[in-house]
Amino acid sequence: MDKKTRGLKYKRVLLKLSGEALLGQESYGVDPKVIARVSGEIAALSEIGVEIAIVVGGGNIFRGAGLAAGGIDRVTADQMGMLATVINALAIQDSLERAGLSARVMSAIKINEVCEDYIRRRAVRHLEKGRVIILAAGTGNPFFTTDSAASLRAIEVDADLLIKATKVDGIYTSDPKIDPGATKYSVLDYDEILERKLNVMDATAIVLCRENGMPLRVVDMTVKGTLVSASLGEEVGTLVTNEGRND
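Note that the structure is predicted; figures quoted are calculated from it, not measured.

Draft legend 1. Summary view of the layout of surface pockets. Its volume calculated, the largest pocket comes out at about 1,200 Å³. Taken together, 45 residues form the lining of the largest pocket, with S18, R63, D147, K164 and V200 sitting closest to its centre. Elements with a minimum of two residues in the lining of the largest pocket: α2 (64–69), α3 (74–98), α5 (146–156), β6 (161–166) and β7 (171–172). Take the lining of the largest pocket: its biggest share by element is five residues, from α3. The residue inventory of the lining of the largest pocket, partitioned by class, reads 16 nonpolar, 18 polar and 11 charged.

Draft legend 2. Structural detail: helix α4 (residues 120–128). Among the residues of α4, those classed as buried are A123, V124, H126 and L127. In a view along the axis of α4, the buried residues occupy a sector of 155°, so they form one face of it. Against the buried residues of α4 lie β1 (12–17), β2 (51–56), β3 (103–107), β4 (116–117) and β5 (132–136). Looking one or two places after α4, you find G130, whose phi comes out positive at around 85°.

Draft legend 3. How the structure looks around the environment of R217. Looking at the element boundaries, R217 is found in strand β10 (residues 216–220). Under the relative-accessibility criterion, R217 is labelled buried at 5%. The spatial distance from the C-alpha of R217 to the C-alpha of G170 is 7.9 Å, given a sequence separation of 47 residues. When near neighbours in sequence (up to four residues on either side) are disregarded, R217 contacts L161, L162, I163, K164, A230, E234, E235, V236, G237, T238 and L239. Within polar-contact distance, the side chain of R217 engages the backbone oxygen of V236 at 2.6 Å.

Draft legend 4. Broad picture of the pattern of salt bridges. Counted by the stated rule, this structure contains 17 salt bridges. R120 is the salt-bridge partner of D158, the closest N and O atoms lying 3.5 Å from each other. Placement of the pair is D158 in the loop between α5 and β6 and R120 in helix α4, with a sequence separation of 38 residues. Look at D158 and you get partly exposed, because its relative accessible area is 46%. Put simply, E192 and R196 hold a salt bridge, and the shortest N to O gap is 3.3 Å. With a gap of four residues between them, E192 and R196 both fall in helix α6 (residues 190–196), about one helical turn apart. A residue is classified by how much of its surface remains accessible, and E192, at 0% relative accessible area, is buried. On the accessibility criterion, R196 (34% relative accessible area) is partly exposed.

Reading guide: rules and limits
- Sequence order as written defines residue numbering, which begins from 1 separately in each chain.
- Local features in this predicted model are restricted to residues whose pLDDT is 70 or higher, and side-chain atom pairs enter the listing and the counts only when it is 80 or higher, whereas totals over whole chains, interfaces and linings include all residues.
- In computing side-chain values, all of the structure's heavy atoms are included and hydrogens and water are not.
- Within this scheme a cavity is a closed region of a 1 Å grid, computed over the protein atoms alone, that accommodates a 1.4 Å probe without allowing it to escape, whereas a pocket is open but has protein on both sides within 12 Å along at least five of seven lines; lining residues each have an atom within 4 Å of a point.
- Grid points are joined across faces, edges and corners, and a volume is the space filled by probe spheres set on the points.
- To qualify as a helix, a DSSP run of H or I must reach at least 4 residues; to qualify as a strand, a run of E must reach at least 2; elements of each kind are numbered from the N terminus.
- Only Asp, Glu, Lys and Arg are considered charged, only Ala, Val, Leu, Ile, Met, Phe, Trp, Tyr, Cys and Pro nonpolar, and every remaining residue, Gly among them, polar.
- Whether a residue is buried, partly exposed or exposed follows from its accessible area with a 1.4 Å probe, protein chains only, as a fraction of its type maximum: under 20%, in between, or over 50%, in that order.
- The arc under discussion is defined with respect to the helix axis, by the directions toward the C-beta atoms.
- We call two residues in contact when some of their heavy atoms are within 4.5 Å.
- Any N or O atom pair separated by 3.5 Å or less is treated as a polar contact, with the protein-specific requirement of one donor-capable and one acceptor-capable atom, and with residues adjacent in sequence counted only for side-chain atom pairs.
- A carboxyl oxygen of Asp or Glu within 4 Å of a side-chain nitrogen of Lys or Arg is what we treat as a salt bridge.

Written out as structure tokens, the structure is:
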């Protein structure tokens, strides 16, 4: 094993970033300070030899389901949401490159003037060469969330771990911002999430992970060093697998 990767439990990870996580103190769009901080965390992860794929949402710009609720055709609304994720992906790419990393944006919809098409073999090759890949436009299909895209892409590129980066340090029995009595799970299995209707990822994403044995760790992205800790296998956030229960 290369010295740089010694101690890693997970050599290849897929990081799911919500669009809302990029807002920072802004009410709309991207906060450059947040992008820079996230890039620093990703750079630290790359420095220890982790191969990194990122799936980013677009809720800071457009959310397809929300637009559809406002009367816009659902397919059109979801397509607008896909384009929003491309905007976020380009912003992340620029920030990563300024941090000294090599990064590629790959889109599930054709937009060749600004980024590459998502092709699985090419994505894996980028990872093998140490490039960070930012996977935009979800699955390329309406009615599927970027959570589902994250699960799908993690499986496709043979990631060892799916990390969902949030503003909360794991999965709780209820929303800790509303319920002061909410308690955090350290370990869960996928069936528990479905049975207890825990609001982690949508059901399609959870089932994809469960059926393909993809471990998921939900962490607080605002805590420095969290991504490195997760890749080393340390107990941060909440780990979801097909094994343990946390009754």
